[in-house]
Protein chains: 4
Amino acid sequence: MRAYRFRDYASLDSLQLGEEASAVPQRGEVLVGVRAVALNYRDIAMLRNRYPHRSKIGLIPCSDAAGEILAVGPDVTAFAARDRVISTFHPRWFGGEMPSTAATDGYGSERDGWLTESKLVSQEAVVRMPRGLSFEEAATLPCAGLTAWTALSGARPVRAGHTVLTLGSGGVSIFALQLAKACGARVIATTSSAEKAERLRALGADEVVNYRSCREWGEEVRALTAGRGVDRVVEVGGPATLKQSLRAVARGGEVVLIGFLSSDDPGIGYFELKQTVASIRSITVGDRAGLQEVVRVIESTGIRPIIDQVFPFENARAAFERLESGTHIGKVVIRCDATQPGHAP
Amino acid sequence: MRAYRFRDYASLDSLQLGEEASAVPQRGEVLVGVRAVALNYRDIAMLRNRYPHRSKIGLIPCSDAAGEILAVGPDVTAFAARDRVISTFHPRWFGGEMPSTAATDGYGSERDGWLTESKLVSQEAVVRMPRGLSFEEAATLPCAGLTAWTALSGARPVRAGHTVLTLGSGGVSIFALQLAKACGARVIATTSSAEKAERLRALGADEVVNYRSCREWGEEVRALTAGRGVDRVVEVGGPATLKQSLRAVARGGEVVLIGFLSSDDPGIGYFELKQTVASIRSITVGDRAGLQEVVRVIESTGIRPIIDQVFPFENARAAFERLESGTHIGKVVIRCDATQPGHAP
Amino acid sequence: MRAYRFRDYASLDSLQLGEEASAVPQRGEVLVGVRAVALNYRDIAMLRNRYPHRSKIGLIPCSDAAGEILAVGPDVTAFAARDRVISTFHPRWFGGEMPSTAATDGYGSERDGWLTESKLVSQEAVVRMPRGLSFEEAATLPCAGLTAWTALSGARPVRAGHTVLTLGSGGVSIFALQLAKACGARVIATTSSAEKAERLRALGADEVVNYRSCREWGEEVRALTAGRGVDRVVEVGGPATLKQSLRAVARGGEVVLIGFLSSDDPGIGYFELKQTVASIRSITVGDRAGLQEVVRVIESTGIRPIIDQVFPFENARAAFERLESGTHIGKVVIRCDATQPGHAP
Amino acid sequence: MRAYRFRDYASLDSLQLGEEASAVPQRGEVLVGVRAVALNYRDIAMLRNRYPHRSKIGLIPCSDAAGEILAVGPDVTAFAARDRVISTFHPRWFGGEMPSTAATDGYGSERDGWLTESKLVSQEAVVRMPRGLSFEEAATLPCAGLTAWTALSGARPVRAGHTVLTLGSGGVSIFALQLAKACGARVIATTSSAEKAERLRALGADEVVNYRSCREWGEEVRALTAGRGVDRVVEVGGPATLKQSLRAVARGGEVVLIGFLSSDDPGIGYFELKQTVASIRSITVGDRAGLQEVVRVIESTGIRPIIDQVFPFENARAAFERLESGTHIGKVVIRCDATQPGHAP
């Protein structure tokens, strides 16, 4: 079977495809035939050596995949061959407190990831794929889908009656928009162009604010809530947008910190935080129980993940270039056909 | 101004309209011009002397009303004249633990209720009416709307990904259907006729089970969830239906006890409860903070309460008869026009 | 290495010790040298064929153990040799919704249990043992300790200001007493003798009610709360006690169903449930995230599990007899010395 | 009856005692004979014109009081004459979302406060005083006690197994220490002197860190948790301490923002927030339901509020001076004897 590894941080040329030995599942393990891999901004950041946790040269990249079980080891009770599964971002964070091993468990950053034709993992490290989705769609859930759900959940879950603010058209933001609408919330989205605004409205956004034409968009968003503010901000922007997000949030609301898109850090004033009478919550994707909820929500609501473009496995590099261009709306996905029904794995 | 009082338990003839003295708001009080009153099953039960807490002869009946502020007393900061408001079912249960006075605070059972042209209450005993509703629609919220919301809320709020079971076509059940759909849940409803099934589907029910043709409807509902069971049952039926509801509920799910429609009580086996690995929660309407949430949810989602029929104030008796007939779908409402703009209160 | 298996349901004679082959950990697995096993009522019920889920003849019994890691397989990141661990009751219920495989995952009922000198499991099926406890004490946590914690936790965790009712002197009840006190709650305990009452008071019970001398002990408990009722009942008794527990619970409180000590089932009236305005929650032990919380709570509060008596591995039968006698207070434990430091495993 | 008003912001000389007209309770109102008033830092800040919301010249200051009901108006069902009560900080925030009127409801900042011999309020604006406390002790609860409780509560309540960090020896911090211990948490406190450290240990602090001798006390606190960090920080310091608090907090933990003791604001870096994988929650005292919980907790646990010093009503100025000195430990209280039993009100 074949897999990609990145050999240095110099350029996308470092992403190289090679033949690797196949593996046989031991007790409790499953061999997954990878059918689709979805890219996240962190995958680019790692190749570019911009990720906060320095990634290791030589790893197989990518954290998010969908596939089907090719073989199971002894004592596997959760899955059988041909079952469809998706990967978990934190393969050993099942629920409750994040384990201390989480930082060294990251696929594609600390250990080999999923940009490979097949992969051997513990049966606890995958969950069943939602019915009704293609592999390409399902591959988008482990990081972007779960991150959005974690942001909308937590101790005070977003529901009907709430207003949610999403920022831009990246993978997490579009999932947040879809999931927030599915939960009955009103959604206000920010964007930079009339064209993207149109797309966001088509996806369900009740209001769209152009952050280019309205620099004080935090106040604009607040005005759209009759001065009350929004209940939740899915803050993917980072230092560049937090100040406005804090202006937009209602008393008792919550700004969920996800992003690190910008790297300059002007800092936040203490009184800007204090006077919100709101919360800020920093998250990191979410746990397996959360991903299982996402699967149920997707099945129950019929949400279809928004895919920007699908690239063949052989041209994975083009997928990274697409993501890097910043012009995508939704997720960039790599299709892997080696394990199609009929193929010998 | 005029008000109804019920003089004995003999028949609906005991409901008599009479002239009463008007009142002037003291400090912190508001005078509400009643515009609509919604009936609940308890209002009939009280007149028929079938209510668990024996009601007092001579009271003004009814707990649920919408109206507009005619005058405010000194130091009222929450409302001004012409503001539109709805009543609270438990006028002194604001949030947190139910106060010990709740049992003696009930409008229409322990103290004078709202079937009157105007009423004087503390500013804390009303909340603002949702924008976009008529008085008739808004009057349905204080008991039926809030009860349904309380049932769908609590420590584990119903959300997208959940399945909710509602029973029949009464006021609480239809609100539960509408609110559960607004929260993104899948809804299974039970009913007794194809005609009502059609109506429930039109209101958003994903599945309808006929409990007449399918006596073991608990199993039928479970089958509709691929054997997993429903996350929430809004149990308005009482002893007659609880056994089936317990069969329908998922592990970790919740059956919310609301009803007392039937009076014979075959009892529930301990192991029927135990083996559910689920919860049963008995509720009584809800608190003011919950009603304020209902107002926001109604405004935000555009839900319109389902009204069966509206009767004029002068013919309130017909409204009681309609409710007693059991053929209604949605709420039975009495309109009160005495305080229309232009009328002297 | 040696292990017990039960060969039929006829008598405790069926519990037979035999030599078995040792195993070698595969990837992700750990070999645990068992140092102590704690008995639960279910272990007796299974041998006596009184367990709701019929157990399989020939299994190694028991679900709860403490031990130390003898060897780890490849890619085990959570543990190293000599680490001390305890078992999990539901080895694949990590958090979130209980998996559908839970019913077939039970140690000692559906698969081989822990009454063995060593056992091979996934690294995900054990958690680290609390510092400061002996193996005998730690072995009591996976079922009894976690069940008590689950009962006191949930969506509305027991805290200072709450009152908790515990029933009798069994393992779960004593843990519930200790943990509730550690959480700052007031505890009322029931018992059948002055001697046990003394012991319960020494363990921290604020009040003890004798259910023999006071048949309507539900009312007695309520009286001890000035009529308000208790916030939580840890209901281990089952059908025989539920009626009284429902009288003791406060509005908004919760009765947690754990027990099946009695088998006759007089049933509960619907209105007995309804009028409580409280909740009933049926639980089954708890998930791994909960057990990790228990470990932290034990370490942080210094709680020492109460052990009735410790029996040597060679005389496991005496431990079962002790439990069956019903005269124990706290947990009955079997010590296993085969894997002591210095012993070859 | 007599009351204090502050006539300008120039100095404490502006605090002047004068005779005022007595009032008679209207419907739903109670007349409270004030027996004790507790000072908060905000009371000084207001007199010094350093409060964020500019206070109004001429008001009766102070928000926190205990007293007894002297008379009740018609239709008061919650209280009777001679009942003992405490004030609520936000008199119209009962539960749920903070009302929009909260900002203009503040006693002693926006409306007349409690530094008076008697005061007329709605029955909804007071709660019953805990049994077992003196008036002086009870007067400390409405702001400092409730603020500490709100900080330890919220969506993820502090419990046994958690570690709480408190800062210094002010009123809120000492309540937080006492309440966190009552909830079973481990408490780490910071202080500036060995003498205060001794006092904090006597009050239950498990560990005390001297922030003078250890400038990087955030790391020191984290080290005391074996690197895991604390679950909750009761952050009363403000901009001067937040940076260290963020270093001390565990992943998944929460820093609760209360303070504004310092006014220079160096700001917080975005990545300092992001990398915590924790939450920051800004609060403002709490609602009436929370204060009722505090009353139950105080009664149930036997906590006695820590009073620094009690001053007579006639010498209220000395109390303000004591608070301003910053040398107090616990609360500064003013006693008011005019309404003692036997006195004519």
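Residues numbered from 1 in each chain as written. Chains lettered and ligands numbered in written order. Predicted model: local features only at pLDDT ≥ 70, side-chain atom pairs only at ≥ 80, totals over all residues. Heavy atoms only, no water.

This part takes up the pairing of strand S6 (residues 118-122) of chain D. Consecutive side chains along a regular strand alternate between the two faces of the sheet. All names here are of chain D. When you tally the buried positions in S6, you get four out of five residues, the bulk of the element. The pairing of strand S3 (residues 29-38) with S6 spans five bridges and is antiparallel. For Leu31, the partnering residue across the bridge sits in S6 and is Leu120. (Buried < 20%, exposed > 50% of the residue type's maximum accessible area, 1.4 Å probe, protein only. Helix = DSSP H or I, 4+ residues; strand = E, 2+ residues; numbered from the N terminus. Pairing = 2+ DSSP bridges.)

Once that is clear, we can look at the pattern of salt bridges. Pairs may arise between side chains of opposite charge once their charged atoms sit close together. All chains considered together, the criterion is met by 108 salt bridges over all chains. One salt bridge connects Glu117(D) with Arg2(D), and the closest N-O pair in it is separated by 2.8 Å. Taken together, the positions of Glu117(D) in the loop between strand S5 (84-87) and S6 and Arg2(D) in strand S1 (residues 2-6) put the pair 115 residues apart, joining distant regions of the chain. For Arg2(D), a relative accessible area of 25% corresponds to the partly exposed category. Salt bridges linked by common partners bring Glu97(A), Arg296(C), Arg228(D) and Asp231(D) together as one network. (Salt bridge = Lys/Arg side-chain N within 4 Å of Asp/Glu carboxyl O.)

With that out of the way, let us pick up the interface of chain B and chain C. Between chain B and chain C, the residue contacts involve 34 residues of the former and 34 residues of the latter. Between chain B and chain C, a total of about 2,700 Å² is buried, with carbon and sulfur atoms accounting for 57% of that surface. The largest contributions to the chain B side of the interface with chain C come from Arg251(B), Tyr270(B) and Ser282(B), which together make up 23% of the buried area. In this structure, the connection of chain B to chain C is made through two salt bridges. With its nearest N and O atoms 2.7 Å apart, the salt bridge here joins Glu97(C) to Arg228(B). Inspection of the chain B/chain C interface yields 16 residue pairs in polar contact (both at pLDDT 80 or more). Class assignment of the residues belonging to the side of chain B that touches chain C gives a composition of 16 nonpolar, 11 polar and seven charged. Examined bridge by bridge, strand S13 (residues 279-282) of chain B and strand S13 (residues 279-282) of chain C share three bridges and lie antiparallel to one another. Looking across to S13(C), one finds that Ile280(B) is bridged to Ile280(C). (Contact = heavy atoms within 4.5 Å. Buried area = accessible area lost by both parts, 1.4 Å probe. Polar contact = N/O pair within 3.5 Å; in protein donor to acceptor, adjacent residues only side chain to side chain. Nonpolar A, V, L, I, M, F, W, Y, C, P; charged D, E, K, R; others polar.)

Across the contact, 19 residues belong to chain B and 19 residues belong to chain D. It is Arg27(B), Arg92(B) and Phe94(B) in chain B that bury the most area against chain D; as a group they hold 34% of the surface buried on that side. Along the contact surface separating chain B from chain D lie six salt bridges. Residue Arg27(D) is joined to Glu29(B) by a salt bridge in which the shortest nitrogen-to-oxygen separation is 2.5 Å. One can count eight residue pairs in polar contact (both at pLDDT 80 or more) joining chain B with chain D. At three residues, the largest contribution of residues to the side of chain B that touches chain D is made by helix H9 (residues 288-301) of chain B. For the side of chain B that touches chain D, a count of residues per class yields five nonpolar, six polar and eight charged.

It is worth spelling out the relation of the copies chain B and chain C at this point. Superposing chain B onto chain C takes a rotation of 180° combined with a translation of 0.0 Å along the rotation axis, leaving an RMSD of 0.0 Å. Look at the turn and shift together and you get a two-fold axis relating the two. Of the interface residues in chain B, 100% have counterparts in chain C that sit at the interface too, so the contact is made through matching surfaces. (Least-squares fit on C-alpha atoms with pLDDT ≥ 70 in both.)

This paragraph deals with the relation of the copies chain B and chain D. In screw terms, the move from chain B to chain D is a rotation of 180° and a rise of 0.0 Å along the axis, fitting with an RMSD of 0.0 Å. Comparing interface residues between copies, 100% of those in chain B also lie at the interface in chain D; the contact surface is shared.

Glancing now at the sheet that holds strand S11 (residues 230-235) of chain C. Strand order in the open sheet formed by 12 strands is S10(B)-S9(B)-S8(B)-S11(B)-S12(B)-S13(B)-S13(C)-S12(C)-S11(C)-S8(C)-S9(C)-S10(C), and the pairing between neighbours is mixed. Only two strands of the sheet have a single neighbouring strand rather than two, namely strand S10 (207-210) of chain B together with strand S10 (207-210) of chain C. Across this sheet, the average inter-strand angle for adjacent strands is 15°, counted without regard to direction. Here four bridges tie strand S9 (residues 186-191) of chain B to S10(B), and the two strands are oriented parallel to one another. Pairing of Thr191(B) across the sheet is with Asn210(B), part of S10(B). Contacts from helix H3 (residues 141-152) of chain C reach strand S8 (163-167), S11, strand S12 (249-257) and S13 of chain C, with the element oriented near 150° to S11(C). Packing against the sheet, helix H4 (residues 171-182) of chain C makes contact with S8, strand S9 (186-191) and S11 of chain C, and its axis sits at approximately 165° to S8(C). (Axes fitted to C-alpha atoms, helices over the stretch in contact; angles between N-to-C directions.)

Turning our attention to the domain arrangement of chain A. Residue and element names in this part refer to chain A. When its domains are assigned, chain A resolves into domain 1 (2-140 + 305-335) and domain 2 (146-282). Using only C-alpha atoms to locate each centre, domain 1 and domain 2 end up separated by 28 Å. On the domain 2 side, the residues contacting the 12 residues of domain 1 number 10 residues. Where domain 1 abuts domain 2, roughly 990 Å² becomes buried across the two surfaces, and 74% of that area is made up of carbon and sulfur atoms. In terms of surface lost to domain 2, no three residues of domain 1 exceed Tyr41, Ile306 and Ile329, which account for 55% of the buried area on that side. The interface formed by domain 1 and domain 2 holds one residue pair in polar contact (both at pLDDT 80 or more) in total. Here the side of domain 1 that touches domain 2 is composed, by residue class, of seven nonpolar, four polar and one charged. (Domains from an automatic or database assignment.)

We now examine the packing of helix H3 (residues 141-152) of chain A against helix H9 (residues 288-301) of chain A. All names here are of chain A. Between H3 and H9, whose axes approach to 9 Å, the crossing angle comes to 90°. By the criterion of interaxial angle, the relationship of H3 to H9 is roughly perpendicular. On H9, the residues that touch Leu141, Pro142, Gly145, Leu146 and Trp149 of H3 are Gly290, Leu291, Glu293, Val294, Val297 and Ile298. Residues belonging to the contact of H3 with H9 are distributed by class as follows: eight nonpolar, two polar and one charged. (Parallel < 35°, antiparallel > 145°, perpendicular 65-115°, else oblique.)

Another aspect to go through is the sheet that holds strand S11 (residues 230-235) of chain D. If you walk across this open sheet you meet the 12 strands as S10(A)-S9(A)-S8(A)-S11(A)-S12(A)-S13(A)-S13(D)-S12(D)-S11(D)-S8(D)-S9(D)-S10(D), and the pairing is mixed. The open sheet is flanked by strand S10 (207-210) of chain A together with strand S10 (207-210) of chain D, the only strands paired with a single partner. Direction aside, the axes of adjacent strands within the sheet are offset by 15° on average. Note that strand S8 (residues 163-167) of chain A and strand S9 (residues 186-191) of chain A share five bridges and pair parallel. Residue pairing across strands places Thr163(A) opposite Arg186(A), the latter belonging to S9(A).

Let us look at the side chain of Lys274(D). Inspection of the secondary structure assignment puts Lys274(D) in helix H8 (residues 270-274). Among buried Asp, Glu, Lys and Arg side chains, Lys274(D) stands out as unpaired, with Glu235(A) the closest opposite charge at 10 Å. Sequence-distant contacts of Lys274(D), defined by excluding residues within four places in its chain, comprise Leu257(A), Ile258(A), Gly259(A), Ser282(A) and Ile283(A). (Lys, Arg positive; Asp, Glu negative; His and termini not counted.)

The phi dihedral of Arg82(B) falls on the positive side, at around 80°, and the residue is not glycine. Position of Arg82(B) relative to the elements: it lies in the loop between strand S4 (64-72) and strand S5 (84-87). Of note, the phi angle at Asp75(D) is positive, near 65°, even though the residue is not glycine. Locating Asp75(D) in the fold gives a position in the loop between strand S4 (64-72) and S5. Assessed through its relative accessible area of 55%, Asp75(D) is described here as exposed.

Okay, helix H4 (residues 171-182) of chain D next. Residue and element names in this part refer to chain D. Here H4 is 12 residues long and its end C-alpha atoms lie 17 Å apart, about the 16 Å a rise of 1.5 Å per residue gives. Counting buried positions along H4 yields 11 of 12 residues, so the element is predominantly enclosed. Looking one or two residues beyond H4, the residue adopting positive phi is Gly184, at roughly 95°. (Expected span 1.5 Å × (residues − 1).)

Take helix H5 (residues 194-202) of chain A next. All names here are of chain A. Among the residues of H5, those classed as buried are Lys196, Ala197 and Leu200. Projected onto a plane normal to the axis of H5, the buried residues spread over an arc of 105° and lie on a single side. For H5, the exposed residues set more than 90 degrees away from the buried face come down to Ala194, Glu195, Glu198 and Ala202. Where H5 ends, the next residue or the one after it, Gly204, has phi of about 120°, a positive value. (Arc of directions from axis to C-beta.)

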